[in-house]
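Spelled out from the first residue to the last, the chains are:
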Amino acid sequence: MRILIVEDSVLLREGLVRLLEDAGHEVTAALPDASRALDAAAEQDPDLAIVDVRLPPTFTDEGIRAALALRRQDPRLAVLVFSQYVEERYAADLVAQPGGAIGYLLKDRVTDVAEFLESLDRIASGATVLDPEVVAQLLTRRSRDEQIGRLTDRERSVLALIAEGKSNGAIARLLFISEGAVEKHITSIFGKLGLEQDDTGNRRVLAVLAHIDATTQPGPVGPSQNGPVR
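Residues numbered from 1 in each chain as written. Predicted model: local features only at pLDDT ≥ 70, side-chain atom pairs only at ≥ 80, totals over all residues. Heavy atoms only, no water.

Per an unreviewed UniProt entry, the protein chain carries the name DNA-binding response regulator and comes from Microbacterium sorbitolivorans.

Here's what the structure looks like:
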């Protein structure tokens with residue numbers, strides 16, 4: 001198998017090169033960042049690309065965006081995202097793309113070399129291999145999106161104003177409705193988001209967090225304790 005590696009950690013990058021070559025694979029290129037990933041893939045026609053999520057220069061999402069770009073350039077290319085982080089939004093986009101097989105494994109949870117190599121073979125042959133934590137986070141995000149999606153346009157407006165720290169009275173004035181109507185909208189929002197009554201006022205904070213989560217890119221999450229889903 002011909003494999004392209006995009007990994008900024010020199011020790012991990014060189015370790016992957018040695019591991020893969022010892023297993024009989026050909027490493028077509030081992031790059032420290034994504035700047036030449038598209039060119040290297042076009043020139044060398046690898047069967048599989050192994051890409052980290054966080055790469056120079058900003059160490060945010062360069063890698064997984066490169067993985068998406070690689071798949072757009074060549075839908076047949078199998079891609080393994082190999083990272084410490086789950087980037088839910090981009091992971092969902094990668095899974096949804098048509099074309100070659102994909103994998104998303106978390107570095108800290110790979111404890112068996114033979115199993116890792118087997119996963120690469122499965123991905124290259126057309127399988128989808130996802131760490132259960134990736135699956136769990138994608139399902140959690142889908143659930144959150146579905147909850148937010150149940151809100152009416154008016155409820156979304158109310159929730160956005162809550163997120164800005166506006167009081168019920170201020171929301172009523174801005175939307176030209178009564179405070180009673182605002183309270184009804186807020187009660188409906190809490191119900192649709194599954195936020196039960198309590199005595200702490202946390203529902204308002206949790207609703208704001210749901211709004212923020214639905215309108216911004218999610219951050220990394222830590223690993224759990226299960227093996228990959230194949």
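**Focus: the packing of aromatic side chains**
Tallied over the entire structure, the rule returns one aromatic pair. Taking the centre distance of 5.2 Å and the plane angle of 35° together, the rings of F82 and F116 count as tilted. Here the residue F82 occupies a position in strand β4 (residues 78-83), and F116 occupies one in helix α5 (residues 113-124), the gap between them amounting to 34 residues. On the accessibility criterion, F82 (6% relative accessible area) is buried. Exposure remark for F116: the relative accessible area of 5% places this residue in the buried category. (Phe/Tyr/Trp six-rings, centres within 6.5 Å; stacked < 30°, edge-to-face > 60°. Helix = DSSP H or I, 4+ residues; strand = E, 2+ residues; numbered from the N terminus. Buried < 20%, exposed > 50% of the residue type's maximum accessible area, 1.4 Å probe, protein only.)

**Points about the pattern of salt bridges**
Summed over all chains, the structure comprises eight salt bridges. Taking the shortest distance from any N to any O, the salt bridge between K107 and E7 comes out at 2.9 Å. In this pair, K107 is assigned in the loop between β5 (102-106) and α5 and E7 in the loop between β1 (2-6) and α1 (10-22), connecting sequence segments 100 residues apart. With respect to burial, K107 and E7 carry one shared label: buried. In this structure, K192 and E155 form a salt bridge, with 2.9 Å as the shortest nitrogen-oxygen distance. In this pair, K192 is assigned in helix α9 (residues 179-192) and E155 in helix α7 (residues 153-163), connecting sequence segments 37 residues apart. A residue is classified by how much of its surface remains accessible, and K192, at 23% relative accessible area, is partly exposed. What emerges from the salt-bridge pattern is a single network uniting E7, D52 and K107. (Salt bridge = Lys/Arg side-chain N within 4 Å of Asp/Glu carboxyl O.)

**Some details on the packing of α7 against α9**
Relative orientation of the contacting elements α7 and α9 amounts to 95°, with a least axis distance of 10 Å. Taken together, the axes of α7 and α9 lie roughly perpendicular to each other. Side by side, α7 and α9 meet where R154, E155, V158, L159 and I162 of the first sit next to H185, I186, S188, I189 and K192 of the second. Across the contact of α7 with α9, the residue classes tally to five nonpolar, two polar and three charged. (Axes fitted to C-alpha atoms, helices over the stretch in contact; angles between N-to-C directions. Parallel < 35°, antiparallel > 145°, perpendicular 65-115°, else oblique. Contact = heavy atoms within 4.5 Å. Nonpolar A, V, L, I, M, F, W, Y, C, P; charged D, E, K, R; others polar.)

**Points about the nonpolar core**
Counting residues in hydrophobic clusters, the biggest one holds 28 residues, and the most contacted among them are L4, V6, L31, V81 and Y104. Looking at this core element by element, the count peaks at four residues for helix α3 (residues 62-73). Non-local contacts of V6, meaning those with residues more than four positions away in its chain, are made with L31, D33, A34, A37, I50, V51, D52 and L55. Of all hydrophobic cores here, the second largest spans 18 residues; its members include I3, L20, A101 and F116. (Core = buried A, V, L, I, M, F, W, Y, C linked by side-chain atoms within 4.5 Å.)

**Some details on the sheet that holds β5**
A sheet is described by the order of its strands in space; here six strands give the open sequence β2-β1-β3-β4-β5-β6, paired in parallel fashion. Of all the strands in the sheet, the pair left with one neighbour each is β2 (26-31) and β6 (129-130). The strands touched by α1 are β1, β2, β3 (48-51) and β4; relative to β2, the strand with the most contacts, the crossing angle is about 175°. Across the sheet, α5 touches β3, β4, β5 and β6, and the angle it forms with β4 is around 145°. (Pairing = 2+ DSSP bridges.)

**Some details on α5**
With 12 residues, α5 should cover 16 Å at 1.5 Å per step; its first-to-last C-alpha distance of 17 Å lies within 8% of that length. F116, L117, S119, L120 and I123 are the residues of α5 that are buried. Along the axis of α5, the buried residues cluster in a sector spanning 150°; they form a single face. Against the buried residues of α5 lie α1, β3, β4, β5 and β6. Residue D112 occupies the N-cap position of α5, its side-chain oxygen lying 3.0 Å from the main-chain nitrogen of A114. (Expected span 1.5 Å × (residues − 1). Arc of directions from axis to C-beta. Polar contact = N/O pair within 3.5 Å; in protein donor to acceptor, adjacent residues only side chain to side chain.)

**A word on unusual backbone geometry**
For the peptide bond that leads from P56 to P57, omega is 10°, which places it in the cis range. Even without a glycine there, the phi angle at D45 is positive, about 50°. Within the element layout of this structure, D45 appears in the loop between α2 (37-44) and β3. The backbone of F59 sits at a positive phi, close to 55°, despite the residue not being glycine. Structurally, the position occupied by F59 is in the loop between β3 and α3.

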